[in-house]
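Letter by letter, the chains look like this.
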Amino acid sequence: MGPTVQNAFFDNYTPVSDIAMMALCFVMYALVLTSYVTRTRSYRIFMVVLGSLVLAGMTNVSYNMLLKTGDVAYAGAVYAGRITYHAILYFVFVMFSVYIGEVTGLDKPRKRAILLTAAILAGVMTALEITFALTGHGFRFTKAGVTARGINLFMIGYLLFIIMQAVLLVRVRHLLYKRVMNGFFASVGISLVIMILQQIFKQSSFTTVTFLFPVVAMFYLMHSNPFNAATGTVDSRAMQEMVRYMHTHRKSFVFLSLYLPEFEAEGKKLPDEIQATVRRFATGFFRGAVLFQVRNGHLILMVPKTRNPDYEHRIQNILSAFRKQYAHFRYSYKIVIGESMEEISEKNEYVSLIRNIHRDIPDDSVHRVSPDDIRRFNRSEYILQELTDIYTKKNLNDPRVRAYCQPVFNIQTGRFDTAEALMRLELEETGLVYPDQFIPMAEAHGYIHVLTEIILHKTCQEIRKMSEEGFDISRISVNVSVLELKEDDFCGDITRVIDNNHINGERIAIELTESRSEADFMVMKEKIEELRGRGIKFYLDDFGTGYSNMERIMELPFDIIKFDRSLVIASGADERSEKIVENLANMFKDMDYSVLYEGVEDDKDEKRCREMAASYLQGYKYSRPAPIEKLRNFLPKAG
Ligand code: G
Ligand code: G
Ligand code: MN
C-alpha cells in the first residue's frame, strides 16, 4: 500500500449534498419565520434541529476538505472535526426522540426516560469514537493514507438510533393521528434506505441528507397539518373534509361530540391531564376513529360504522369510561351522539347541528340526536337565512318583521297610555317566530341593530297614525340590545328613524338590560345621556333577573325600572320576599325612578304591586302582546 493510496470510500465524498441540505435548512427556517407558528416546545426543538444540521453540514464539509489535502499535519483537526460531526448527528437523534415524546404528549417520567436513553446512547457512541481515534481503530488518517478498517462505529450508532426510534414510534403509535404516524414511519424508513444505498455505492455524502426527512416530517406536522399534538386532534376544516369524503363514498359513521363550556373562551387551553385523557379516549374505544377539535372546548370523534359494527356497545363503553373520568375532573359537559344523516352530510353541517342542540340541552347531559333535533335545526337554519336576508335588504318596511305590542297601565293617569313594542318574525315557512328563537341568533350574527331600526320605524309610524286618529299615546318603549350601543352611529341611527317619521323623541323609550361588563357600562352611560337630550326615555329592563349592581344602576340616568315578573311572583310567595321587593321599589321611587311591574297576571298580582310603590303595570291581566294596531283598543281618545 503506497503512501498516496486513499480509501475509495472517503474519496467519494462531495460537499454538494451537504450544501444542498444546509440550503434547505435555511429555506425551512425562512418559511417558519414567515408563517404563523405558535412558539411551542416542539417548535423550539425543531429550530434546534435545524441549527444543529447546519452545524453538522459545515463540520462535515470542513473536515473533508482538510482530509482531501492529504496533509497529515491536519490529522488532529480532521479527527476532531469528524468526531464533532458525528456527535452533532447523535445530538440530532436525541432531539428527534425528545420530539416524538413531545408531540405524543407522553407524561414527564416517560419523556425523561426517553431523553436519558437517547442521551446515554449518544454519549457512549461519542466516547467510543474518541477512544477509537486515540487507540487507532476504525477510521485513521496517517502518512499511509486514509483507512476505515475494522468497525464503522458511526454506522452502528446510526442503526442503534434508528432502531430506538422505530421502537419508540411503535410504542406510541396509538397516541397519534394515524396519518401523522405513517408520515413518521415513512420518513425513518426512507432515511434507512438512503443510508443502505450509499453503503452499497461506497458513498458518504448523503448521511446528513437522511436527517432531513424526519425534519421535513416535523415541519409538516407542526405547521401545515391541522393536527394538534397536545390533544391528538385535527381541526374543523379536516372534519369537513372527512364528512365530504364519507358522504361521497357512501360510508356511514357515528359521531360523539364532547363540549366543555368552561374551556370555550378564546385562548383557553384544556388542562394537561384532560388532554392526556382525550388522547386516550380518541384511540381507545373505536377502530379507525378520528378526533376533531372544532373549537376551544369542543371535540368531535368520528367513527366509521363499517369498522365498528358493534358501535352501540362501544358507545356504552366510552360513556361509562367518561363517567368515571367525570367523577374525577367534574368539569361540566354536554355530550351529543348521533349517526350520519344524508341531509346533514350533504350540507356538511354537523358542527352547526350539534351547536344548535347545545342550546336546548342542560349541562352535564348526554343527548342522542333525534328527528326532532333535525327539524328544529332546519327551522333555525331557515330563520337565520331569512334574518340574513332582512339584514342585507335593510328595508325598514320589511313585512317579515312584525311589531307586536303590550299595553302598559299608568297608575297615575289610570289609563293605558304607554306600551312596549315586542318583535316577532312572520316567515313564509314557519309562521310567527318568537324572540327567544331569533334574537340570540340575530345578536350573534350582528343583525340585531337593523332589526331594531325596523321595529322602531314601524313603532314610530304607528304612533304617528294613532295620534293623527286622535288616540292619546304618551310613548312606546322599544327593546334595544346592549350590543347595539357599540354600532358606529347608534344615536344617529335612532334619531334618524324618529325624525323621518316626524314624531317627537319623547314618544319613544328604550329598554336596556344590565350588562356585567365595565366597558359596556361606559358606552351605555354615554349613549343614554346623548339620546336623553333628544327627549327619549330609558327603562332598565328585567330588573331582578340574575345580576344586579345597584351602584352602577344608580349611575345610569334611567327613568323607569322594570321589575321582572320573577319579583312579582316572589313577592306573592311569602311576606319576607314581599318586604324586600317593596323596599326595593320604594328605594327607587325615593330616588325619582318610576317602578313598572312586569308580568301582572291577575287581580292579586295587581293589588300587591299597587301596594309596592308601582307607577306602571304590565302583564297578561291586561293584554297579551298583540299586533300593534290592536293597541287602539286600549288607548284613550284625546280630549
Ligand atoms: O314577548 P316576548 O316573548 O316577545 O319577549 C321575549 C324577550 O325578547 C323579551 O325579553 C324581550 O326583551 C325580547 N325582545 C322582544 N322584542 C325585542 C326587540 O325588538 N329587540 C330586542 N333586542 N329584544 C326584544
Ligand atoms: O322585554 P321583556 O323581557 O320585559 O319582555 C317581556 C316578556 O314578558 C315578553 O316575553 C312577554 O310576552 C312576557 N310577558 C308579558 N306579560 C306577561 C305576564 O303577565 N306573564 C308572563 N309569564 N309573561 C309575560
Ligand atoms: Mn322589555
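Residues numbered from 1 in each chain as written. Chains lettered and ligands numbered in written order. Predicted model: local features only at pLDDT ≥ 70, side-chain atom pairs only at ≥ 80, totals over all residues. Heavy atoms only, no water.

## Section: the site of ligand 2
For clarity, the cut-off: Definition of nearness: a residue and a molecule or strand are near each other if at least one heavy atom of the residue lies within 4 Å of the molecule or strand. Think of a polar contact as two N or O atoms within 3.5 Å of one another; within protein, one of them needs to be a possible hydrogen donor and the other a possible acceptor, and neighboring residues in sequence only count if both atoms come from side chains. Only the protein chains shown count as covering a residue, and every accessible area follows the Shrake-Rupley method with a 1.4 Å probe. Lys, Arg, Asp and Glu make up the charged group, whereas Ala, Val, Leu, Ile, Met, Phe, Trp, Tyr, Cys and Pro make up the nonpolar group; the residues left over, Gly among them, are polar.
The environment of ligand 2 is formed by 13 residues, the closest being Asp541, Asp542, Glu598, Glu601 and Tyr620. Between an oxygen atom of ligand 2 and a side-chain N or O atom of Glu420, the distance comes to 3.0 Å. One nitrogen or oxygen atom from the main chain of Tyr620 is found 2.7 Å from an oxygen atom belonging to ligand 2. Surface burial for ligand 2 is 71%, taken as the share of its 520 Å² of free accessible area covered by protein chains. For the shell around ligand 2, the class distribution of residues is three nonpolar, four polar and six charged.

## Overview of the pairing of strand β15 (residues 560-563)
Formally: Exposure is judged per residue with a 1.4 Å probe applied to protein chains only, and the accessible area is read against the type maximum: over 50% gives exposed, under 20% gives buried, and values in between give partly exposed. A run of H or I in DSSP becomes a helix once it reaches four residues, and a run of E becomes a strand once it reaches two; helices and strands are each numbered from the N terminus. What makes two strands pair is DSSP finding at least two bridges between them.
Residues Ile560 and Lys562 point to one face of β15 and Ile561 and Phe563 to the other, with burial holding for every one of them. Alignment of strand β14 (residues 537-543) against β15, held across three bridges, turns out to be parallel. Bridging across to β15, Phe543 finds its partner in Phe563. Two elements, β15 and strand β16 (residues 594-598), share four bridges in a ladder whose sense is parallel. Considered in β16, the bridge of Ile560 is made with Ser594.

## Description of the packing of helix α4 (residues 75-103) against helix α5 (residues 108-135)
Basically, it comes down to this: Only the stretch in contact is used when a helix axis is fitted, and all axes are lines through C-alpha atoms; the angle between N-to-C directions ranges over 0 to 180 degrees. If an angle is under 35 degrees, it is roughly parallel; if it is over 145, roughly antiparallel; if it lies from 65 to 115, roughly perpendicular; otherwise it is oblique. The criterion used for residue contact is that any of the two residues' heavy atoms lie within 4.5 Å.
Taken N-terminus to C-terminus, the directions of α4 and α5 make an angle of 170°; their axes are 9 Å apart at the nearest point. Taken together, the axis directions place α4 and α5 in an arrangement best described as roughly antiparallel. Residues Tyr79, Ile83, His86, Ala87, Tyr90, Val94, Ser97, Val98, Gly101 and Glu102 of α4 form the contact with α5, whose participating residues are Lys111, Ile114, Leu115, Ala118, Ala119, Ala122, Met125, Thr126, Glu129, Ile130 and Ala133.

## Considerations on the coordination of the manganese ion (ligand 3)
By definition of the ideal shapes, four donors in a tetrahedron about a metal sit 109.5 degrees apart, and six donors in an octahedron sit 90 or 180 degrees apart. Put simply, the test is: Donor criterion used throughout: N, O or S atom within 2.8 Å of the metal, extended to 3.2 Å for Na, K and Ca. Water excluded; incomplete-looking sites may result.
Donor atoms from the polypeptide that bind the manganese ion (ligand 3) are Glu420 (OE), Asn479 (OD1), Glu511 (OE) and Asp541 (OD), placed at 2.1 to 2.4 Å. If you list the donors of the manganese ion (ligand 3) from N- to C-terminus, the spacing comes out as E-x58-N-x31-E-x29-D. Linking Glu420 in strand β10 (residues 415-427) with Asp541 in strand β14, this pair joins segments that are 121 residues apart in sequence. Residues Glu420 and Asp541 agree in their burial class; the two are buried.

## Describing the confidence of the model for the protein chain
Low pLDDT means the predicted atomic positions in that stretch should not be read closely. Our working definition: As a per-residue measure, pLDDT reflects the predictor's confidence and takes values from 0 up to 100.
The share of residues in the protein chain with pLDDT of 70 or more is 95%, and the mean pLDDT across the chain is 90. Low pLDDT, under 50, characterises residues 1-6; the stretch is placed with eleven contacts to residues that sit more than four places away or in other chains.

## Some remarks on the environment of Ile528
Looking at the element boundaries, Ile528 is found in helix α19 (residues 518-532). Counting along the chain gives 18 residues from Ile528 to Ile510, while the straight-line C-alpha distance between them is 9.1 Å. Look past the residues within four positions of Ile528 in its chain and what remains in contact with it is Leu512, Phe538, Pro557 and Phe558.

## Quick look at the site of ligand 1
Close to ligand 1 lie Leu422, Met423, Arg424, Pro435, Ile439, Ile448, Asn479, Ser481 and Asp541. Between ligand 1 and the protein, one listed contact pairs a nitrogen atom with a backbone N or O atom of Met423 at 3.0 Å. One of the side-chain nitrogen or oxygen atoms of Arg424 is found 2.5 Å away from an oxygen atom of ligand 1. Protein chains bury 73% of the 490 Å² of accessible surface belonging to ligand 1 in isolation. Of all the elements in the fold, those that place two or more residues in the shell around ligand 1 are β10 and α16 (435-444). Class assignment for the residues of the shell around ligand 1 results in five nonpolar, two polar and two charged.

## Focus: the domain arrangement of the protein chain
Note the threshold: Bear in mind that the domain bounds are from an automatic or database domain assignment.
Split into domains, the protein chain comes out as domain 1 (10-223), domain 2 (234-369) and domain 3 (381-633). Taking only C-alpha atoms into account, the centre of domain 2 sits 40 Å from that of domain 3.

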